[in-house]
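Inside the fold
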Amino acid sequence: QHLMRIRKELGAHNIIEVLHILYSNSITTKQNHIQLTTRGREVFSLIIKGKTDSVISHQLGISKSAVRRHKEKMILSNECDSILSLVTKYYREHIG
């Protein structure tokens, strides 16, 4: 019953698709998950490479305000207070 409800909420057709959706929406770490959307993962991967909002905007073909919105969403959904704390959390979980 629980799997059926989760599958329905995610709009997945089968359990494999549920697992794919859950996996693709987060970066798995040793201790917990950093929740990111598909576009959020693209933005975050460029952030951790040190790219500026302008460069990210150009590379992804989105506006700078869209980059800022993605960053805000990442910060809020991961209960961080800044992009720096999110990056720190990511590295702490992957390195530490």
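Attention in this report is confined to the structure presented alongside it. Here the structure is a predicted model, which means the values were calculated and not measured.

Criteria and thresholds
- Residues numbered from 1 in each chain as written.
- Predicted model: local features only at pLDDT ≥ 70, side-chain atom pairs only at ≥ 80, totals over all residues.
- Heavy atoms only, no water.
- Phe/Tyr/Trp six-rings, centres within 6.5 Å; stacked < 30°, edge-to-face > 60°.
- Helix = DSSP H or I, 4+ residues; strand = E, 2+ residues; numbered from the N terminus.
- Buried < 20%, exposed > 50% of the residue type's maximum accessible area, 1.4 Å probe, protein only.

Overview of the packing of aromatic side chains
All told, the structure shown has two aromatic pairs when counted by the stated rule. Arranged with centres 5.2 Å apart and planes meeting at 80°, the rings of F44 and Y90 form a pair that is edge-to-face. Pair noted here: F44 is in helix 3 (residues 38-47) and Y90 is in helix 6 (residues 83-95), with a separation of 46 residues, a long-range link. There is no split in this pair, since F44 and Y90 are both buried. Taken together, a centroid distance of 5.3 Å and an interplanar angle of 75° make the contact between Y90 and Y91 edge-to-face. When its relative accessible area of 35% is taken as the criterion, Y91 is described as partly exposed. Chaining the aromatic ring pairs together yields one cluster made of F44, Y90 and Y91.

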